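# Secondary and tertiary structure notes
Listed below, chain by chain, are the residues.
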Amino acid sequence: MSTSTEVDLDLTGMTCASCANRIERKLNKIDGVSASVNYATERARVQHSADVDVLTLIETVEAAGYGARVHRGTHPPASNGGTIGDPGSTGETVDEATADPELHALRTRLVVSAVLAVPVIVLAMVPPLQFDHWQWLSLTLAAPVATWGAWPFHRAAAINLRHGAATMDTLVSLGVLAAFGWSLVALFLGDAGADGMRHPFRLLPGWGDAPTSGLGDIYLETAAGVTVFLLAGRYFEKRSKRRAGAALRALADTGLREVAVLRHGVDGPETTVPPAELAVGDLFLVRPGEKIATDGIVVDGRSAVDVSLVTGESVPVEVAPGDAVVGATLNTSGRLVVRAGRVGADTQIAQMARLVEDAQAGKAAVQRLADRISGVFVPVVITLAVATLGFWLGAGAGAPVAFTAAVAVLIIACPCALGLATPTALMVGTGRGAQLGILVRGPEALESARAVDTVVLDKTGTLTTGAMRVTDVHPAPGESADDVRRIAATLEAGSEHPIARAVAALVPAEQRGTLGDFASHSGLGVTGTVDGCAAAVGRPAFLVEHGLEMSDEVAALVAQAEDEGASAVVVGWAGRARGVLAVADTVKEGAAEAVARLRDLGLHPVLLTGDNERAAHAVAAAVGIEEVVAGVLPADKRDLVAAKQQAGHAVAMVGDGVNDAAALAQADLGIAMGTGTDVAREASDLTIVSGDVRVAADGIRLARRTLRTIRGNLFWAFAYNVAALPLAAAALLSPMLAGAAMALSSVFVVSNSLRLRSFR
C-alpha cells in the first residue's frame with residue numbers, strides 16, 4: 001500500500017464474535033484495505049489506500065447486513081455537558097439504560113418476556129400445577145416471547161441468511177423456532193392438545209421412556225426460557241461492556257457546558273462561550289470547584305489543582321503564574337486566569353484518550369486465534385446439530401430425545417464468550433490504567449510485560465529529578481571563574497540538554513557573549529565561537545578530540561568533581577581546557593521504593609546512564625541497584641538493551657529523553673516518563689503520565705494482571721464449549737439449561753474482566 005489513510009468506523013448490528021469476523025473478512029477483501037474489527041468496542045479500524053473512499057467501506061459493511069458510520073473520534077474535553085463517568089469511581093453517575101436507547105429497548109424486551117415466560121416455565125416444571133387446558137395458556141404466553149421477545153435473534157438470523165452467512169443468532173433463532181414450531185405441530189396435529197394432557201418435567205431429555213413420535217410433547221418452556229436467558233445474557237453483557245468503557249468516556253468528557261473568556265485582559269469583562277470555541281491564546285477564568293477547560297499557562301492567581309484524572313495522583317498540585325495546567329483537571333481552591341495553549345484534539349487529555357482508544361482497538365495474539373475459531377464455529381455447530389438429530393433417530397431413541405439433543409447443541413454452542421474474552425479485559429485494563437496515569441499503547445505490551453525479567457533504568461529524569469544544577473565552578477590555575485561561567489553559559493545556551501540548561505542558568509542572558517558557529521554533539525558536548533573565539537564545553541575526552549590541551553591540573557579537578565558524585569563538565573577556549581564545572585542531579589523521591597517494587601516483580605534492575613562512573617554509582621547506591629553501566633552514548637543504550645536480549649533476557653527499558661528513544665524502541669517493553677520528550681513517549685509501549693518512576697512497577701503489574709484475566713477468560717470460554725457440546729450431543733442437557741449456561745458464560749467473562757476496575 002503506497003499512501004494509506006486510517007479511519008475508525010462505529011458498527012451497529014453485531015451480536016457476536018462471528019459478526020465481527022465476517023465484517024473483517026468482507027473489508028479485507030477490498031484491494032488496498034487492511035481492517036481489524038473489535039466486537040467489544042463495536043468498532044472497525046481500517047487502513048485504506050487513496051483510491052478507496054470511506055463511503056465504499058461503509059457500503060461494504062452495509063452490504064454484509066450491518067450498519068457503519070465514521071467514528072466521531074476523541075472530542076476535546078468539555079464539549080457536551082453532563083458527566084458520563086467519574087474517573088475515580090468504579091460506577092457511572094447516570095443510569096446506563098437511560099443513556100443508551102438500545103440498552104433501554106433491550107431491557108424492556110427482557111422484562112416483558114420474563115413476565116410472560118415465568119408462568120410457562122413453572123407450569124412445565126411443576127406437573128401438579130398443570131390444570132385442564134394448561135397447555136393452551138402456555139401457548140398464549142409463550143407465543144409473544146418466541147416471536148416478539150426473540151425478534152432480535154430472528155431478524156439478525158434472517159439478515160445473515162440473505163447474505164449467505166450464519167452467526168450466533170442463527171443458532172438461537174433455529175433453536176427457539178424449532179422448539180416453538182414442534183410445540184405448535186404437537187398441539188394442533190398431535191396429541192398434546194388433548195383434554196387432560198399432562199407433561200412430566202425432566203432435566204434429561206426423555207430417557208427411560210419408550211421411543212415415540214414426540215407429538216404428545218410440547219417444548220414451549222424451552223422456547224420461552226431460552227429466549228429469556230439469552231436476552232438476559234445479552235442485556236447484562238451490553239451493560240457490562242458499557243461500564244467497561246466508562247473510563248475512556250470519563251477521560252474524553254469534563255462535563256463543562258461553558259467557559260468564561262476574558263477578551264480584554266485579566267481584569268476585563270467575561271464572555272461566556274462553549275468550550276469548543278476556545279482558541280489558542282484566549283484568556284479564560286477558572287473559579288474554585290470548576291474544571292479547567294483546556295491546556296494552558298496560569299497568568300494570574302494561585303490554587304491547588306486536582307490532577308488525578310491525568311496522573312492518578314490524589315494529592316492536588318499547587319500552581320502559580322507561569323505554571324502549566326492540563327485541561328479537565330479540577331481547580332480546588334483559588335481563582336485562576338489561564339491562557340489557552342492547546343485546544344481540541346491537541347490537548348493532553350485528548351491525546352491520552354486517543355492512546356487508550358488505540359490500545360482498545362488492537363488485538364492480542366490470543367484473540368486472533370479466538371476470532372479464527374469463532375469464524376468457523378457456527379457452520380460446524382449446525383452440522384453437529386443435524387448429525388446429533390440423525391444419530392439419535394437412527395439409534396431408535398425416539399423423536400423427543402433426538403430433537404431436544406439437537407436443539408441443546410444449537411443453543412449451548414454460541415461463541416459469544418470467545419469473542420468477549422480479550423476485548424472486554426483490554427477495555428477495562430486500559431481504562432483503569434488511564435485513570436491511574438498509565439497509558440498502554442496496545443495489546444502487545446501485555447504479552448511483553450508478562451515475559452520481562454530485566455529492567456534497564458535511565459538515570460537522569462527517571463531515577464533523578466533531571467533538574468541539574470551547577471554545584472561548583474573550578475577554574476584552572478591562572479583562569480577567572482567568571483570567564484569560565486560566561487563562556488560555558490554562552491555556549492550551552494544553544495543546547496536543550498538538562499546539563500546544558502543548568503550551565504546556561506549560571507549567567508543571565510544579557511551578560512553572555514555572542515555565540516557563533518554553534519554545533520551540538522549528542523551526549524558529548526558543544527562547540528562554537530564566543531565573541532569570535534573558538535570554544536568547547538563537554539566531556540574531557542570530547543575536548544581532547546577537538547584539539548584542546550588538557551593539563552594535569554584540569555584532570556585533577558575533573559577527578560575531584562567525579563569523586564563527589566557530580567558530572568564534570570570541562571570548559572575550554574583558545575586551545576586549552578580552562579575550567580571544570582561540577583553538575584549534580586538529585587535522586588527522585590520514591591526512586592528507591594520503585595526499584596524495590598520492580599525487584600518484587602522478579603525483575604533485575606540495571607542503571608544505564610551517559611554520566612560518569614562515580615556519579616552513576618552514587619545514584620545506584622542511593623536507590624539500591626548493583627549493576628551499573630555508565631558513560632554510554634544514545635546508540636550504546638540501544639546496543640546494551642540488544643545485548644541483554646541476545647543473552648536470553650526479556651528487557652524493559654524506562655527512560656524519558658530523546659537519547660532514550662532508540663533503547664525504548666529496541667526493548668521488549670518500553671516505558672516512558674510522561675514528563676519526558678514526545679519522541680520518548682512515541683517510542684514506548686507504556687507511558688507513565690506523572691513521571692513518578694514508582695508507577696512503572698504498577699504499569700507492569702496492571703499489564704500482567706490484564707493478560708492473566710484475558711487468559712482466564714479464554715480458558716473458561718474454550719473449556720465451556722469443549723465440555724458442554726459433548727453433553728448436549730449425548731442428550732445429557734436440556735435446551736433450557738443449555739440456554740442458561742450459554743448466557744452465564746458470556747456474563748461471567750465480562751464480569752471477570754470488570755474486576756480489573758478494582759486494581760490499585
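Reading guide: rules and limits
Residues numbered from 1 in each chain as written. Predicted model: local features only at pLDDT ≥ 70, side-chain atom pairs only at ≥ 80, totals over all residues. Heavy atoms only, no water. UniProt positions renumbered as here; feature names shortened; annotations may be inferred. Helix = DSSP H or I, 4+ residues; strand = E, 2+ residues; numbered from the N terminus. Expected span 1.5 Å × (residues − 1). Bend = angle between axes of the 7 residues up to and from the residue. Buried < 20%, exposed > 50% of the residue type's maximum accessible area, 1.4 Å probe, protein only. Phe/Tyr/Trp six-rings, centres within 6.5 Å; stacked < 30°, edge-to-face > 60°. Lys NZ or Arg CZ within 6 Å of the ring centre and 35° of its normal. Pairing = 2+ DSSP bridges. Axes fitted to C-alpha atoms, helices over the stretch in contact; angles between N-to-C directions. Contact = heavy atoms within 4.5 Å. Parallel < 35°, antiparallel > 145°, perpendicular 65-115°, else oblique. Left-handed = near helix turned anticlockwise from the far one by under 90°. Nonpolar A, V, L, I, M, F, W, Y, C, P; charged D, E, K, R; others polar. Salt bridge = Lys/Arg side-chain N within 4 Å of Asp/Glu carboxyl O.

Per an unreviewed UniProt entry, the protein goes by the name Cation-transporting P-type ATPase B and belongs to Nocardioides faecalis. Database annotation for the protein, UniProt heading Catalytic activity (unreviewed entry): "ATP + H2O = ADP + phosphate + H(+)".

For helix α5 (residues 134-149), which comprises 16 residues, the first-to-last C-alpha distance of 21 Å matches the rise-based estimate of 22 Å (1.5 Å per residue) to within 8%. By the largest-angle criterion, A142 marks the main kink of α5, which is about 30°, and a proline, P144, follows within four residues. When we look at burial in α5, the residues that qualify are W134, Q135, S138, L139, L141, A142, V145, A146 and G149.

For the rest of this paragraph, the subject is the UniProt feature "transmembrane region" (unreviewed entry) in the protein. The sites that carry the UniProt feature "transmembrane region" (unreviewed entry) are, in the present numbering, residues 110-127, 133-151, 171-190, 218-236, 373-395, 401-422, 714-733 and 739-756. Summarising residues 218-236: 89% helix, 0% strand, and an end-to-end C-alpha distance of 30 Å. The distance separating the terminal C-alpha atoms of residues 714-733 is 23 Å; by composition the span is 80% helix and 0% strand.

This brings us to the packing of aromatic side chains. How two aromatic rings sit relative to each other is set out by the distance from centre to centre and by the angle between their planes. A full pass over the atoms with the stated rule returns six aromatic pairs. For the ring pair Y219 and F403, a centre distance of 5.1 Å and an interplane angle of 50° mean the geometry is tilted. In this pair, Y219 sits in the loop between α7 (168-188) and α8 (220-244) while F403 sits in helix α13 (residues 399-412), placing the two residues 184 residues apart along the sequence. The same class applies to Y219 as to F403, namely buried. Pairing F391 with W392 gives two aromatic rings, centres 5.0 Å apart and planes at 75°, and the pair type is edge-to-face. Feature note: the residues W182, Y219 and F403 constitute an aromatic cluster, connected by ring pairs. Above the face of the W148 ring, R109 is positioned so that its terminal group lies 4.8 Å from the ring centre.

Before going further, it helps to spend a moment on the sheet that holds strand β14 (residues 438-440). A sheet is described by the order of its strands in space; here seven strands give the open sequence β14-β26-β25-β24-β15-β22-β23, paired in mixed fashion. Each edge of the sheet is formed by a strand with only one pairing partner; in this case those strands are β14 and β23 (627-629). For this sheet the average axis-to-axis angle between neighbouring strands, irrespective of direction, equals 20°. Looking at chain direction, β14 and strand β26 (residues 686-688) are connected through three bridges and run antiparallel. Residue pairing in the sheet places V440 in a bridge with L686 of β26. Along the sheet face, helix α26 (residues 694-729) touches β14, β25 (669-673) and β26 and points at about 145° away from the line of β26.

In this section: the packing of α7 against α13. It is the contact of α7 with α13, at a shortest axis distance of 8 Å, that shows an interaxial angle of 155°. Between α7 and α13, the angle falls in the class roughly antiparallel. The handedness of the crossing between α7 and α13 comes out as left-handed. Contacts from L171, V172, L174, G175, A178, A179 and W182 in α7 reach A399, F403, V407, L410 and I411 in α13. Residue composition of the contact of α7 with α13, by class: 11 nonpolar, one polar and no charged.

Here we take up α26. For α26, with 36 residues, the first-to-last C-alpha span of 53 Å sits near the 52 Å given by 1.5 Å per residue. Immediately beyond the C-terminal end of α26, within one or two residues, lies A731, with a positive phi of roughly 60°.

The next subject is the pattern of salt bridges. When their charged atoms lie close together, side chains carrying opposite charge are able to pair. Evaluated as defined, the whole model comprises 23 salt bridges. Two residues, R45 and D8, come together in a salt bridge whose shortest N-O distance is 2.7 Å. You can see R45 sitting in strand β3 (residues 43-49) and its partner D8 sitting in strand β1 (residues 4-12), a full 37 residues away along the chain. Both residues of the pair, R45 and D8, belong to the buried class. One salt bridge in this structure joins E270 and R287, with 2.7 Å as the shortest N-O distance. Linking E270 in strand β6 (residues 270-273) with R287 in the loop between β7 (283-286) and β8 (295-300), this pair joins segments that are 17 residues apart in sequence. What makes E270 partly exposed here is its relative accessible area of 41%. The class of R287 is partly exposed, set by a relative accessible area of 33%.

Across five bridges, strand β17 (residues 515-521) lies against strand β18 (residues 525-530) in antiparallel orientation. Residue pairing across strands places L515 opposite V530, the latter belonging to β18. Hairpin remark: β17 followed by β18, antiparallel, with three residues in the connecting loop; positive phi at G523, about 80°.

With that settled, the discussion passes to the sheet that holds strand β5 (residues 259-262). Taken in spatial order, the six strands make up an open sheet running β6-β5-β7-β13-β8-β11, and their pairing is antiparallel. Whereas interior strands pair on both sides, the edge strands pair on one side only; in this sheet they are β6 and β11 (324-325). As judged from the three bridges shared by β5 and β7, these two strands associate in the antiparallel manner. Each bridged residue has a counterpart across the sheet, and for A260 the counterpart in β7 is L285.

A few words on the pairing of β3. Within β3, six of the seven residues are buried, which leaves the element mostly enclosed by the surrounding structure. The sheet contact formed by β1 and β3 spans seven bridges and is antiparallel. By the bridge assignment for β3, V7 is matched with V46. Relative to β3, strand β2 (residues 33-38) is paired through six bridges, and the arrangement is antiparallel. Bridge assignment links V37 to a residue of β3, and that residue is A44.

Across the interface, α5 lies against helix α6 (residues 151-162) with an axial gap of 5 Å and an inter-helix angle of 40°. Relative to α6, the element α5 is oriented oblique. Listed contacts from α6 to A146, T147, W148 and G149 of α5 are W151, P152 and H154.

Secondary-structure assignment places A663 in helix α24 (residues 661-666). Spatially, the C-alpha atom of A663 lies 6.9 Å from that of M653, the residues being 10 residues apart in sequence. Not counting chain neighbours up to four residues away, the residues in contact with A663 comprise K637, R638, V641 and M653.

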